[in-house]
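Letter by letter, the chains look like this.
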Amino acid sequence: MGGVSLSNPALLLDQYRIREEPYYRPLKDEVELFGAAYANRMPVMLKGPTGCGKTRFIEYMAWRLGRPLITVACHEDMTAADLVGRWLLDAEGTVWSDGPLTTAVRLGAICYLDEIVEARQDTTVVIHPLTDDRRVLPLEKRGELIHAHSDFQLVISYNPGYQSAIKDLKESTKQRFAALDFGYPDRPAETEVVSREAGIEPNLADLLVKIAQHSRNLKGQGLDEGASTRMLVNAGRLIGCGISLEKACETTIVVPLTDDADTRNTLRDVISACA
(Lines give C-alpha, C1' and ligand atoms only; values in the text may rest on other atoms or scores of the structure.)
Protein backbone atom coordinates (compact mmCIF):
# COMPACT_ATOMS: atom_id res chain seq x y z
CA MET A 1 0.00 0.00 0.00
CA GLY A 2 1.06 3.60 -0.40
CA GLY A 3 2.48 5.68 2.43
CA VAL A 4 4.01 3.88 5.40
CA SER A 5 4.96 0.30 4.61
CA LEU A 6 2.99 -2.57 6.07
CA SER A 7 6.33 -3.95 7.21
CA ASN A 8 6.07 -1.45 10.05
CA PRO A 9 2.39 -1.64 11.12
CA ALA A 10 3.07 -0.03 14.50
CA LEU A 11 4.31 3.13 12.78
CA LEU A 12 1.34 3.12 10.42
CA LEU A 13 -1.22 2.75 13.22
CA ASP A 14 0.54 5.33 15.37
CA GLN A 15 -0.77 8.17 13.22
CA TYR A 16 -4.36 7.12 14.02
CA ARG A 17 -3.97 7.04 17.79
CA ILE A 18 -5.74 9.67 19.88
CA ARG A 19 -3.12 11.10 22.23
CA GLU A 20 -5.21 13.12 24.63
CA GLU A 21 -8.53 12.33 26.25
CA PRO A 22 -11.35 13.93 24.25
CA TYR A 23 -13.98 15.66 26.34
CA TYR A 24 -17.15 13.58 26.40
CA ARG A 25 -20.02 13.75 28.88
CA PRO A 26 -21.79 10.39 29.18
CA LEU A 27 -25.56 10.70 28.98
CA LYS A 28 -26.77 7.20 29.78
CA ASP A 29 -24.99 3.84 29.71
CA GLU A 30 -23.46 4.22 26.23
CA VAL A 31 -19.86 3.94 27.45
CA GLU A 32 -20.53 0.65 29.23
CA LEU A 33 -22.53 -0.76 26.31
CA PHE A 34 -19.93 0.15 23.72
CA GLY A 35 -17.17 -1.32 25.86
CA ALA A 36 -19.06 -4.62 26.05
CA ALA A 37 -19.64 -4.56 22.29
CA TYR A 38 -15.94 -3.99 21.66
CA ALA A 39 -15.01 -6.83 24.01
CA ASN A 40 -17.03 -9.06 21.67
CA ARG A 41 -15.81 -7.25 18.53
CA MET A 42 -19.45 -6.59 17.74
CA PRO A 43 -20.13 -4.03 14.98
CA VAL A 44 -21.91 -0.96 16.34
CA MET A 45 -24.23 1.61 14.80
CA LEU A 46 -24.52 5.06 16.37
CA LYS A 47 -27.95 6.53 15.61
CA GLY A 48 -28.84 10.16 16.13
CA PRO A 49 -29.21 13.63 14.61
CA THR A 50 -26.37 15.62 13.14
CA GLY A 51 -24.11 17.37 15.63
CA CYS A 52 -25.29 15.55 18.77
CA GLY A 53 -21.91 14.05 19.70
CA LYS A 54 -21.66 10.70 17.87
CA THR A 55 -18.21 11.40 16.45
CA ARG A 56 -16.89 12.76 19.74
CA PHE A 57 -18.19 9.63 21.46
CA ILE A 58 -16.31 7.24 19.17
CA GLU A 59 -13.15 9.35 19.55
CA TYR A 60 -13.52 9.12 23.30
CA MET A 61 -14.09 5.36 23.19
CA ALA A 62 -11.08 4.80 20.92
CA TRP A 63 -8.96 6.74 23.42
CA ARG A 64 -10.48 4.87 26.37
CA LEU A 65 -9.87 1.47 24.75
CA GLY A 66 -6.40 2.44 23.56
CA ARG A 67 -7.21 1.61 19.93
CA PRO A 68 -6.33 3.52 16.75
CA LEU A 69 -9.32 5.12 15.02
CA ILE A 70 -9.60 5.36 11.23
CA THR A 71 -12.48 7.63 10.25
CA VAL A 72 -14.10 7.77 6.81
CA ALA A 73 -16.51 10.61 5.97
CA CYS A 74 -19.03 8.92 3.68
CA HIS A 75 -20.48 10.73 0.67
CA GLU A 76 -22.65 9.92 -2.32
CA ASP A 77 -19.72 9.59 -4.73
CA MET A 78 -17.80 7.15 -2.54
CA THR A 79 -17.08 3.84 -4.26
CA ALA A 80 -16.16 0.46 -2.86
CA ALA A 81 -12.60 1.10 -4.07
CA ASP A 82 -12.43 4.19 -1.87
CA LEU A 83 -13.00 1.91 1.11
CA VAL A 84 -11.02 -1.21 0.24
CA GLY A 85 -8.29 0.05 -2.11
CA ARG A 86 -7.23 0.08 -5.75
CA TRP A 87 -4.37 -0.57 -8.15
CA LEU A 88 -2.29 2.55 -8.85
CA LEU A 89 0.53 3.43 -11.21
CA ASP A 90 3.80 4.75 -9.87
CA ALA A 91 7.41 4.91 -11.02
CA GLU A 92 7.87 1.20 -10.35
CA GLY A 93 4.74 0.09 -12.20
CA THR A 94 1.35 -1.03 -10.89
CA VAL A 95 1.05 -1.24 -7.12
CA TRP A 96 -1.84 -1.97 -4.79
CA SER A 97 -2.89 0.71 -2.31
CA ASP A 98 -5.07 -0.34 0.62
CA GLY A 99 -8.10 1.80 1.42
CA PRO A 100 -8.91 2.92 4.98
CA LEU A 101 -11.22 -0.01 5.70
CA THR A 102 -8.62 -2.52 4.55
CA THR A 103 -5.93 -0.84 6.64
CA ALA A 104 -8.13 -1.12 9.73
CA VAL A 105 -8.99 -4.76 8.98
CA ARG A 106 -5.35 -5.77 8.47
CA LEU A 107 -3.88 -3.94 11.43
CA GLY A 108 -6.60 -4.00 14.07
CA ALA A 109 -7.98 -0.47 14.26
CA ILE A 110 -11.52 0.74 14.87
CA CYS A 111 -12.94 1.83 11.51
CA TYR A 112 -15.62 4.52 11.78
CA LEU A 113 -17.81 5.12 8.73
CA ASP A 114 -19.35 8.50 9.47
CA GLU A 115 -22.87 9.11 8.09
CA ILE A 116 -22.97 5.78 6.29
CA VAL A 117 -26.39 6.63 4.84
CA GLU A 118 -24.69 9.16 2.55
CA ALA A 119 -22.79 6.37 0.76
CA ARG A 120 -24.28 4.49 -2.18
CA GLN A 121 -26.05 1.32 -1.12
CA ASP A 122 -23.93 -0.83 -3.43
CA THR A 123 -20.84 0.49 -1.63
CA THR A 124 -22.07 -0.46 1.83
CA VAL A 125 -22.51 -4.09 0.76
CA VAL A 126 -18.73 -4.58 0.98
CA ILE A 127 -18.93 -4.38 4.78
CA HIS A 128 -21.37 -7.30 5.12
CA PRO A 129 -18.75 -10.09 5.38
CA LEU A 130 -17.06 -8.12 8.17
CA THR A 131 -20.22 -7.86 10.24
CA ASP A 132 -21.01 -11.51 10.85
CA ASP A 133 -19.11 -14.48 12.20
CA ARG A 134 -16.89 -14.62 9.12
CA ARG A 135 -15.14 -11.28 9.83
CA VAL A 136 -13.50 -11.29 6.42
CA LEU A 137 -12.94 -8.70 3.72
CA PRO A 138 -12.74 -9.99 0.12
CA LEU A 139 -10.47 -7.96 -2.15
CA GLU A 140 -11.78 -9.13 -5.49
CA LYS A 141 -9.46 -6.95 -7.58
CA ARG A 142 -6.47 -8.36 -5.72
CA GLY A 143 -7.71 -11.93 -5.40
CA GLU A 144 -7.23 -11.83 -1.63
CA LEU A 145 -9.41 -12.71 1.34
CA ILE A 146 -8.41 -10.84 4.49
CA HIS A 147 -9.36 -12.25 7.88
CA ALA A 148 -9.90 -9.35 10.23
CA HIS A 149 -7.31 -8.67 12.91
CA SER A 150 -8.53 -9.73 16.35
CA ASP A 151 -8.66 -6.07 17.47
CA PHE A 152 -10.63 -4.79 14.47
CA GLN A 153 -14.08 -3.30 15.02
CA LEU A 154 -16.47 -1.64 12.58
CA VAL A 155 -18.56 1.33 13.71
CA ILE A 156 -21.00 3.32 11.58
CA SER A 157 -23.09 6.41 12.28
CA TYR A 158 -26.56 6.91 10.94
CA ASN A 159 -29.07 9.77 11.07
CA PRO A 160 -32.61 8.32 11.14
CA GLY A 161 -33.94 11.77 10.26
CA TYR A 162 -32.74 11.22 6.70
CA GLN A 163 -34.87 8.15 6.14
CA SER A 164 -36.33 8.07 2.63
CA ALA A 165 -36.47 5.75 -0.33
CA ILE A 166 -33.02 6.86 -1.44
CA LYS A 167 -31.41 7.69 1.92
CA ASP A 168 -31.84 4.75 4.23
CA LEU A 169 -29.88 1.65 5.11
CA LYS A 170 -31.02 -1.72 3.88
CA GLU A 171 -32.50 -3.97 6.56
CA SER A 172 -29.83 -6.52 5.66
CA THR A 173 -27.26 -3.95 6.73
CA LYS A 174 -28.96 -2.51 9.83
CA GLN A 175 -29.63 -5.89 11.38
CA ARG A 176 -25.93 -6.73 11.46
CA PHE A 177 -25.18 -4.04 14.04
CA ALA A 178 -25.80 -3.39 17.68
CA ALA A 179 -27.23 0.11 17.86
CA LEU A 180 -26.86 2.96 20.34
CA ASP A 181 -29.36 5.82 20.26
CA PHE A 182 -28.00 9.33 20.60
CA GLY A 183 -29.97 12.52 20.97
CA TYR A 184 -29.48 16.01 22.25
CA PRO A 185 -28.79 16.06 26.00
CA ASP A 186 -31.25 17.47 28.49
CA ARG A 187 -30.86 21.17 29.20
CA PRO A 188 -28.44 21.00 32.16
CA ALA A 189 -26.20 18.47 30.43
CA GLU A 190 -26.17 20.34 27.12
CA THR A 191 -25.45 23.57 28.96
CA GLU A 192 -22.45 21.91 30.59
CA VAL A 193 -21.18 20.64 27.24
CA VAL A 194 -21.59 23.99 25.46
CA SER A 195 -19.98 25.91 28.33
CA ARG A 196 -17.02 23.53 28.43
CA GLU A 197 -16.49 23.28 24.66
CA ALA A 198 -17.05 26.95 23.81
CA GLY A 199 -15.28 28.32 26.88
CA ILE A 200 -18.21 30.52 27.92
CA GLU A 201 -20.08 31.11 31.17
CA PRO A 202 -22.82 28.59 32.04
CA ASN A 203 -25.58 31.24 32.00
CA LEU A 204 -24.72 32.17 28.40
CA ALA A 205 -24.47 28.50 27.42
CA ASP A 206 -27.89 27.91 28.97
CA LEU A 207 -29.33 30.75 26.87
CA LEU A 208 -27.97 29.15 23.69
CA VAL A 209 -29.44 25.81 24.69
CA LYS A 210 -32.82 27.46 25.25
CA ILE A 211 -32.65 28.89 21.73
CA ALA A 212 -31.75 25.48 20.34
CA GLN A 213 -34.63 23.76 22.09
CA HIS A 214 -37.10 26.22 20.58
CA SER A 215 -35.56 25.69 17.12
CA ARG A 216 -35.92 21.91 17.49
CA ASN A 217 -39.64 22.37 18.03
CA LEU A 218 -39.75 23.75 14.47
CA LYS A 219 -38.61 20.45 12.96
CA GLY A 220 -41.16 19.53 10.32
CA GLN A 221 -42.52 23.09 10.37
CA GLY A 222 -40.00 24.66 8.05
CA LEU A 223 -36.87 22.96 9.36
CA ASP A 224 -35.46 19.52 8.63
CA GLU A 225 -33.29 19.76 11.75
CA GLY A 226 -33.14 22.12 14.70
CA ALA A 227 -29.94 23.67 16.00
CA SER A 228 -27.38 21.05 16.99
CA THR A 229 -25.06 21.07 19.98
CA ARG A 230 -22.21 21.65 17.53
CA MET A 231 -23.92 24.83 16.29
CA LEU A 232 -24.26 26.09 19.85
CA VAL A 233 -20.57 25.53 20.51
CA ASN A 234 -19.73 27.48 17.34
CA ALA A 235 -22.03 30.32 18.42
CA GLY A 236 -20.44 30.36 21.86
CA ARG A 237 -16.94 30.58 20.39
CA LEU A 238 -17.93 33.58 18.27
CA ILE A 239 -19.46 35.28 21.30
CA GLY A 240 -16.24 34.59 23.17
CA CYS A 241 -14.45 36.60 20.48
CA GLY A 242 -16.67 39.61 21.07
CA ILE A 243 -19.43 38.94 18.53
CA SER A 244 -22.93 39.81 19.76
CA LEU A 245 -25.36 37.02 20.61
CA GLU A 246 -27.68 37.95 17.73
CA LYS A 247 -24.92 38.05 15.12
CA ALA A 248 -23.31 34.86 16.42
CA CYS A 249 -26.63 32.98 16.26
CA GLU A 250 -27.40 34.43 12.83
CA THR A 251 -24.07 33.18 11.51
CA THR A 252 -23.98 29.74 13.13
CA ILE A 253 -27.67 28.83 13.44
CA VAL A 254 -30.09 30.85 11.30
CA VAL A 255 -28.23 31.00 8.01
CA PRO A 256 -26.90 27.40 8.04
CA LEU A 257 -30.29 25.90 8.95
CA THR A 258 -32.50 27.39 6.24
CA ASP A 259 -32.71 29.57 3.15
CA ASP A 260 -36.41 30.22 3.59
CA ALA A 261 -37.03 33.86 4.52
CA ASP A 262 -40.08 33.17 6.69
CA THR A 263 -38.33 30.41 8.63
CA ARG A 264 -35.29 32.62 9.14
CA ASN A 265 -37.51 35.34 10.56
CA THR A 266 -39.14 32.82 12.88
CA LEU A 267 -35.72 31.78 14.16
CA ARG A 268 -34.73 35.41 14.64
CA ASP A 269 -37.89 35.96 16.67
CA VAL A 270 -36.95 32.94 18.82
CA ILE A 271 -33.48 34.36 19.43
CA SER A 272 -34.85 37.80 20.30
CA ALA A 273 -37.43 36.34 22.68
CA CYS A 274 -34.84 34.20 24.48
CA ALA A 275 -32.29 37.00 24.70
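None of these values were measured; they are calculated from a predicted model.

Looking now at the environment of alanine 275. Considering the arrangement of structural elements, one finds alanine 275 in the segment after helix 12 (261–274). For alanine 275 and isoleucine 211, which are 64 residues apart along the polypeptide, the C-alpha to C-alpha distance reads 8.6 Å. Once you skip the residues sitting within four places of it in the chain, alanine 275 turns out to touch Leu207, Leu245 and Glu246.

Counted at 1.5 Å a residue, the expected span for helix 11 (residues 245–257) with its 13 residues is 18 Å, and the 17 Å between its end C-alpha atoms agrees. Of all the bends found along helix 11, the most pronounced is centred on threonine 251 and spans about 35°. Burial in helix 11 covers these residues: Leu245, Ala248, Cys249, Thr252, Ile253, Val254 and Leu257. Among the structural elements, helix 9 (202–216), helix 10 (229–240) and helix 12 are those in contact with the buried residues of helix 11.

Here the largest pocket defines a volume of roughly 540 Å³. Counting residues per element, the ones that place at least two in the lining of the largest pocket are helix 3 (54–65), strand 5 (110–114), helix 8 (187–198) and helix 10. Of the residues that constitute the lining of the largest pocket, the class distribution is eleven nonpolar, seven polar and ten charged. Counting residues domain by domain, the lining of the largest pocket receives three or more from each of domain 1 (9–181) and domain 2 (187–274).

A few words on the sheet that holds strand 2 (residues 69–73). Strand pairing in a sheet relies on backbone hydrogen bonds, with the paired strands running either antiparallel or parallel. Read across the open sheet, the five strands follow the order 2-5-8-1-9; overall the sheet is parallel. With partners counted over all chains shown, the strands left at the sheet margins are strand 2 and strand 9 (178–181), one partner each. Put simply, the sheet's adjacent strands are angled 20° from each other on average, direction ignored. For strand 2 and strand 5, the ladder comprises five bridges, and the chain directions are parallel. Among the inter-strand pairings, threonine 71 is bridged to a residue of strand 5, identified as tyrosine 112. The strands touched by helix 2 (residues 30–39) within the sheet are strand 1 (44–47), strand 5, strand 8 (153–158) and strand 9, with strand 8 carrying the most contacts at an inclination of about 140°. Of the strands in this sheet, strand 1, strand 2, strand 5, strand 8 and strand 9 are in contact with helix 3, which crosses strand 5 at around 180°.

Let us now look at the domain arrangement of the protein. Domains assigned within the protein are domain 1 (9–181) and domain 2 (187–274). For domain 1 and domain 2, the distance between their C-alpha centres works out to 31 Å. Between domain 1 and domain 2 the total buried area reaches about 830 Å² when both faces are included, carbon and sulfur atoms providing 50% of it. By the criterion of area lost to domain 2, the three top residues of domain 1 are Tyr23, Arg25 and Gly51, representing 62% of everything that side buries. At the boundary of domain 1 with domain 2, the tally comes to two salt bridges. The salt bridge partner of arginine 25 is glutamate 192, with a shortest N-O separation of 2.9 Å. Applying the counting rule to domain 1 against domain 2 returns five residue pairs in polar contact (both at pLDDT 80 or more). The residue inventory of the side of domain 1 that touches domain 2, partitioned by class, reads three nonpolar, three polar and two charged.

Our focus in this paragraph is the pattern of salt bridges. Applying the stated criterion across every chain yields a total of 19 salt bridges. The salt bridge partner of arginine 19 is aspartate 14, with a shortest N-O separation of 2.9 Å. The partner of aspartate 151 in a salt bridge is arginine 67, and the shortest N-O contact between them spans 3.7 Å. Pair noted here: aspartate 151 is in the loop between strand 7 (144–147) and strand 8 and arginine 67 is in the loop between helix 3 and strand 2, with a separation of 84 residues, a long-range link.

What counts, and where the lines are drawn
Within each chain, residues carry numbers counting from 1 in the order of the written sequence. Totals for whole chains, interfaces and linings use every residue, but because this is a predicted model, local features are given only for residues with pLDDT of at least 70 and side-chain atom pairs only at 80 or more, for both listing and counting. Values reported for side chains reflect all heavy atoms of the structure, with hydrogen atoms and water molecules removed beforehand. Secondary structure elements follow DSSP: runs of H or I no shorter than four residues count as helices, runs of E no shorter than two count as strands, and numbering proceeds from the N terminus. We call two residues in contact when some of their heavy atoms are within 4.5 Å. To estimate how far a helix should extend, the number of its residues minus one is multiplied by 1.5 Å. The bend reported for a residue corresponds to the angle between axes fitted to the seven residues ending at that residue and the seven starting there. Exposure categories follow from relative accessible area, calculated using a 1.4 Å probe and restricted to protein chains: below 20% of the type maximum is buried, above 50% is exposed, and the middle band is partly exposed. A cavity here means a set of 1 Å grid points, computed over protein atoms only, where a 1.4 Å probe fits but cannot escape. A pocket is an open set with protein on both sides within 12 Å along at least 5 of 7 lines, and lining residues have an atom within 4 Å of a point. Grid points are joined across faces, edges and corners, and a volume is the space filled by probe spheres set on the points. Throughout this entry, Asp, Glu, Lys and Arg are counted as charged residues, while Ala, Val, Leu, Ile, Met, Phe, Trp, Tyr, Cys and Pro are counted as nonpolar. The remaining residues, Gly among them, count as polar. Residue ranges assigned to the domains are those given by an automatic or database domain assignment. Here the rule is simple: two strands pair whenever DSSP picks up at least two bridges between them. Comment: axis = line fitted to C-alpha atoms, over the contacting stretch for helices; angle = value between 0 and 180 degrees taken between N-to-C directions. Here's the idea: put two parts together, see how much 1.4 Å probe accessible area each one loses, and the total over both is what we call buried area. Think of a salt bridge as a Lys or Arg side-chain nitrogen and an Asp or Glu carboxyl oxygen that are within 4 Å of each other. Side-chain atoms alone can form a polar contact between residues adjacent in sequence; in general such a contact is a pair of N or O atoms within 3.5 Å, and within protein one must be able to donate a hydrogen while the other accepts it.

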